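Here are the chains, one letter per residue:
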Amino acid sequence: MKLNIENALAFVEKSDYDSLLNEAVEGRTTLLTRTGAGHEFTDWFDVDEKVTGDVDDIIATAQQIQDMSEVFVVIGVGGSYLGARAALEFINSPNYNLMSKNTPEVYFAGNYMSSDAIAEILAIIGNRDFSINVISKSGTTTEPAIAFRIFRERLEQKYGRKGAASRIFVTTDKSKGALRKVSQEKGYKSFVVPDGVGGRYSVISPVGLLPLAVAGVDIKALLKGTRDAIEHFKVAPAEENDALKYAAIRNCLYRMGKKVEIFADFEPALRFTGEWWKQLFGESEGKEGKALFPASVDYSADLHSMGQYIQQGERIMLETFVVVENSRTALVVPHDAEVDDELEYLAGKTVLWANSQVHAAVEKAHFDGGVPNLTVTIKDMSAMSFGELIGFFMFACGVSGYVLGINPFDQPGVEEYKKNMYRMLGKPGFTD
Ligand code: PA5
């Protein structure tokens, strides 16, 4: 991957950026020496077995799930959901479930408190064979817990208690939480969410790896991409280190008064990577009244809606484009001299090339409109490229959080709604 920050540097004083780059170097030291706030949740930067779990066991389990299931339901929310969905949509396709394949359809549940969302997945499963993976580090999050009960009931009705138990896969804390207890009691096959890895970094742990392996993703390539990227960012000097540059320029623009960072992609397959990125930066940095608000748009679709605001609305944002150099297909605009649709000048050109011109056009228009922008370019839509991209953002986020002066690895604000909800739902111990 490559990062281009020229269109952002033009908006800042060089000396301010240089000083932020020095702060980013210090932030990296704080991260790597595990001396900063939240350091107990930084195991992810060594992408080793402590983080990934036993990858061969994950692949073998995935094979077993593939053999017995037409549908696989992945139950989880937040960090226990977004990484797997982002990777699946990027590496396979947002239309994965509709495409011809030898692997099970994959549906995500438990990320809304929505009766209809659960009922629709049950209806889609119909009489087909299915298995589930319930993922919750705490083991107590209400939305996935409700979904789990409902899918477990359906499994037990269909396969009996014993049969159901062989189709339930649990990913949770190694010893704590209600889900670990249930899993031990019922004898479900289980995987561990590592202690030192927070939800938003957990796609490289069994949380993300099992669902992805079931969907046929080459998880070893994904992990290699992340590992190689992070190992590079750990040691590369600041001038050659895109993660440090990214952390520096976004903090520089924030200190200048920018309030919003927009993740802008040009491929529908990147939409959920934008959702994952929003969680990564929003949950990591949004505390103590600080931080850029992370937003996302999908181009060209959003050029015809949010594009108006970005071009001419309040000048509060910077924009981070994510561009993929090579598409999986090579569609060409066909020749048609008989129909005068004013498009013959594009005949013979690839859609990929036209998309690159959309990026170039938007980059210039938004720059001219006063929006500093950065471009992250990745080579292709492979598992390895996805791994590199998330390695880049994860490392940059840890560094950026320390530059901002907050703990990038906790999420105390998430608990506030839960306490109210528990009280309102009548959970024992949470009454007024
Ligand atoms: O990043 C996080 O820690 C959160 O988004 C959690 O992943 C999310 O709240 C789900 O929590 P749990 O896995 O405990 O159910």
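In case you missed it, the structure is sitting above this.
The notes below deal with the structure included here. Because the structure is a prediction, the values reported are computed rather than measured.

1. Notes on the overall build of the protein chain
Stage number 1. Along the protein chain, the regular secondary structure elements total 16 helices and 10 strands.
Stage number 2. Relative to a compact globule of 432 residues, whose C-alpha radius of gyration would be 22 Å, the protein chain shows 23 Å and is just as compact.
Stage number 3. When the backbone C-alpha atoms are referred to their principal axes, the protein chain occupies close to 65 × 65 × 45 Å.
Stage number 4. Counting every position in the protein chain, which comprises 432 residues, the buried fraction comes to 53%.
Stage number 5. For the protein chain, the exposed surface amounts to about 19000 Å²; the carbon and sulfur share of it is 53%.
Stage number 6. Seen as two clouds, the 45 positive and the 59 negative side-chain charges of the protein chain have centres 8 Å apart.

2. A few points about the environment of S202
Stage number 1. By the secondary structure assignment, S202 is in the loop between β6 (189-192) and α9 (206-214).
Stage number 2. Owing to a relative accessible area of 1%, S202 belongs among the buried residues under this scheme.
Stage number 3. Along the primary structure S202 and S80 are separated by 122 residues, whereas in three dimensions their C-alpha atoms are 7.3 Å apart.
Stage number 4. Non-local contacts of S202, meaning those with residues more than four positions away in its chain, are made with G79, V197, V207 and G208.
Stage number 5. Reaching out from S202, the side chain makes a polar contact with the backbone oxygen of G199 at a distance of 2.7 Å.

3. Concerning the sheet that holds strand β4 (residues 130-136)
Stage number 1. In spatial order, the strands read β3-β2-β4-β5-β6; together these 5 strands make up an open sheet with parallel pairing. Either end of the sheet is taken by a strand with one partner, and the two such strands are β3 (105-109) and β6. Shown here is a sheet whose adjacent strand axes are inclined to one another by a mean of 20°, direction ignored.
Stage number 2. Most of the contacts of helix α4 (residues 55-68) go to β6, to which it runs at about 140°, and overall it touches β2 (71-75), β4, β5 (168-172) and β6.

4. With respect to the sheet that holds strand β9 (residues 317-324)
Strand pairing in a sheet is mediated by backbone hydrogen bonds. Such pairs are either parallel or antiparallel.
Stage number 1. Strand order in this open sheet of 5 strands is β1-β10-β9-β7-β8, and the pairing throughout is mixed. Sheet topology places β1 (2-4) and β8 (293-298) at the edges, where each strand pairs with a single neighbour. Geometrically, the sheet is characterised by an average inter-axis angle of 20° between neighbouring strands, direction not taken into account.
Stage number 2. Pairing of β1 with strand β10 (residues 373-378) involves 3 bridges; the strand directions are antiparallel. Across the sheet, K2 pairs through a bridge with T377, a residue of β10.
Stage number 3. Against the sheet, helix α12 (residues 271-285) engages β7 (260-265) and β8, with an angle of about 175° to β8.

5. Some remarks on helix α11 (residues 242-255)
Stage number 1. When the terminal C-alpha atoms of α11 are compared, their 20 Å separation across 14 residues agrees well with the 20 Å that a helix rising 1.5 Å per residue should span.
Stage number 2. Buried residues dominate α11, accounting for 13 of its 14 residues.
Stage number 3. With a side-chain oxygen lying 3.2 Å from the backbone nitrogen of A243, the N-terminal cap of α11 falls on N241.
Stage number 4. G257, located one to two residues past α11, shows a positive phi value of around 115°.

Each value, and the rule that gives it
- Residues numbered from 1 in each chain as written.
- Predicted model: local features only at pLDDT ≥ 70, side-chain atom pairs only at ≥ 80, totals over all residues.
- Heavy atoms only, no water.
- Helix = DSSP H or I, 4+ residues; strand = E, 2+ residues; numbered from the N terminus.
- Rg over C-alpha atoms; globule rule 2.2 N^0.38 Å.
- Buried < 20%, exposed > 50% of the residue type's maximum accessible area, 1.4 Å probe, protein only.
- Areas by Shrake-Rupley, 256 points an atom, 1.4 Å probe, with all protein chains shown as cover.
- Lys, Arg positive; Asp, Glu negative; His and termini not counted.
- Charge placed at Lys NZ, Arg CZ, Asp CG, Glu CD.
- Contact = heavy atoms within 4.5 Å.
- Polar contact = N/O pair within 3.5 Å; in protein donor to acceptor, adjacent residues only side chain to side chain.
- Pairing = 2+ DSSP bridges.
- Axes fitted to C-alpha atoms, helices over the stretch in contact; angles between N-to-C directions.
- Expected span 1.5 Å × (residues − 1).

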